[in-house]
Every structure is written in structure tokens, then in C-alpha cells.
Amino acid sequence: MRLLLFGPPGVGKGTQAKLLANEFQIPHVSTGDLLRAAVAEGTDLGRKAKVIMDAGKLVPDDVMIGIVRDVLNSPKAKKGFILDGFPRTLNQARALTQIFGELGIRTYQVLNIEVDNEEIIQRLSSRLMCRNDGKIYNTETENVVAGSPCPDCGGVLYQRDDDKPETVRRRLEVYHTLTSPVLKYYEDLGVEHTVNGMDSVEDVNLNIKRILQSAEAQ
Ligand code: AMP
């Protein structure tokens, strides 16, 4: 299975990607997680990316395309993958089509998760992430606060710097201007499917699997 998860920040891409990666035993490739790992390691890329991420902007296309090309060429991606957070620009989408061509990948699906803007702002302001396993929690719906241990692995829960309100606004602007045109690109290729992200995590997961099954049957 090769799946691209698409949608604005806070829509639940990471949560769904983790569930599906576990169910289908394929890697979850989150470009945001890869950048955050580089930031945590203090690499050259990490230092440069942090400034851009904290401003709610996009890391340059050539850097991101290079990262994704390497991951998709690695043995662990041979059986399939879930891409989360890439492509975010038309340039990245075209480069991905080229990479797929080089790798002989002909079938993949794009899942667009849709949620109201209001809900996104609400979700991001109450979102916490585990420093250890990247799992997402919500202070409104779960019994967690920043600094408390991850119920799954005991890692520390924290609020991402780019989930602060000013940065969230900028990230949503970037999404609407640079990223949403990518959807049209995939609609034209006939591989785009939309799922309602306002449903529960379990229902969104079931709906994604239904869509994938019917796409496979065609
Ligand atoms: P995410 O965890 O997917 O919300 O990504 C966090 C941040 O990492 C984004 O706001 C961007 O600054 C950067 N980033 C992640 N993926 C990409 C990408 N495909 N292109 C450019 N920047 C990215």
C-alpha cells in the first residue's frame, strides 16, 4: 500500500498515519517528524529547519525532495509507505511523480482529510506531542497536560513551538496558498479521495480503509 495523507495542520494526519502504519505494517514517513528529529539531534539541517518551522513557513523544496527521495529509495519503503506532510507544494508533487516513475511505482492513493478551520485552531491549541514516540494527545479530551508522561511510553508530553496561535495562523495561510493547489493536481490524476476528519478517530480510520478497498477493487 502506498498512501499520501493530505490536509491542513491539525487535521489528524499523524494520528491516522500511525494507526494505518501499525495495521498494514508499513513505515509512516512524516516529513515533520524527520525534521523534528534533525532539530533534536542539532544537525545542520535541524538548525536551519527550526527557524523556518518556528515561523510557520515551509522548508525549501529541494531539501524536502532530497529527504523524501532518500527515504523512498531505502529498503524499508519497498513494501509500501504512508507519506504524511509531503508533498506540500506543486513542485514537491511533480518531483514525487518523478521519483515514483524512477522507482516503478504506478499505484498510490491520496487521502484528503477535511476539517473546519475553527476546529483546526481549537485542536492545535490543545494538542500535545510525546517527545519520545511522537504520539498526539489533546488536553481538552484526554487527561493530559504539558509535562505529563505519555500514557503509552512514559515520554514527556509537550506543546510544539509551531502550535502557538501566531504560528498556527501562518501555517494555515501557507496551507491554503501553497498546499491546497496540490489537491487539484491529484484530482486530475484521479487518485484523490476525501474523508471527513470531523468524525471520531476510529470512524476516520474505518472510512479511510473503505476508500482504499474500493480504490483497490477498481
Ligand atoms: P508537520 O509536522 O507536518 O506539521 O510539519 C511541521 C513543519 O515542518 C511544517 O510547518 C514545515 O515548516 C516543515 N515541513 C514538514 N514537511 C514539509 C514539506 N513537505 N515541505 C516543506 N516544509 C515541511
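What you are looking at is a predicted structure, and each value in this text was computed from that prediction instead of being measured.

Visitor: Which parts of the structure should I look at to understand the packing of aromatic side chains?
Guide: Geometry of an aromatic ring pair is reported as the spacing of the ring centres plus the angle between the planes. Enumeration over the complete set of coordinates arrives at five aromatic pairs. With a centroid separation of 4.8 Å and an interplanar angle of 55°, the aromatic rings of Phe100 and Tyr108 are classed as tilted. Taking the relative accessible area as the measure of exposure, Tyr108 reaches 10% and is therefore buried. Residue placement shows Arg131 over the ring face of Tyr158; its charged tip is 3.9 Å from the ring centre.

Visitor: I'm lost on the packing of helix 2 (residues 31-41) against helix 4 (residues 61-73) in this one. Help?
Guide: Helices that pack against each other are described as a pair by the angle of their axes relative to one another and the distance between those axes. One way to put it is that helix 2 packs onto helix 4 with a least axis distance of 11 Å and a crossing angle of 105°. Considering the angle they form, helix 2 stands roughly perpendicular to helix 4. For the pair helix 2 and helix 4, contact is made by Thr31, Leu34 and Leu35 and by Met64, Ile67, Val68 and Val71, respectively. When its residues are assigned to classes, the contact of helix 2 with helix 4 shows six nonpolar, one polar and no charged.

Visitor: I keep staring at the site of the ligand and nothing clicks. Help me out?
Guide: The environment of the ligand is made up of 16 residues, and the closest members are Thr31, Arg36, Lys57, Gly85 and Gln92. Val59 has a polar backbone atom sitting 3.1 Å from a nitrogen atom of the ligand. The side chain of Arg160 places a nitrogen or oxygen atom 3.2 Å from an oxygen atom of the ligand. For the ligand, the accessible surface in isolation is 480 Å², of which the surrounding protein chains cover 96%. The biggest single contributor to the shell around the ligand is helix 2, with four residues. Of the residues assigned to the shell around the ligand, the class counts are six nonpolar, four polar and six charged.

Analysis parameters
Residues numbered from 1 in each chain as written. Predicted model: local features only at pLDDT ≥ 70, side-chain atom pairs only at ≥ 80, totals over all residues. Heavy atoms only, no water. Phe/Tyr/Trp six-rings, centres within 6.5 Å; stacked < 30°, edge-to-face > 60°. Buried < 20%, exposed > 50% of the residue type's maximum accessible area, 1.4 Å probe, protein only. Lys NZ or Arg CZ within 6 Å of the ring centre and 35° of its normal. Axes fitted to C-alpha atoms, helices over the stretch in contact; angles between N-to-C directions. Helix = DSSP H or I, 4+ residues; strand = E, 2+ residues; numbered from the N terminus. Parallel < 35°, antiparallel > 145°, perpendicular 65-115°, else oblique. Contact = heavy atoms within 4.5 Å. Nonpolar A, V, L, I, M, F, W, Y, C, P; charged D, E, K, R; others polar. Near = heavy atom within 4 Å. Polar contact = N/O pair within 3.5 Å; in protein donor to acceptor, adjacent residues only side chain to side chain. Areas by Shrake-Rupley, 256 points an atom, 1.4 Å probe, with all protein chains shown as cover.

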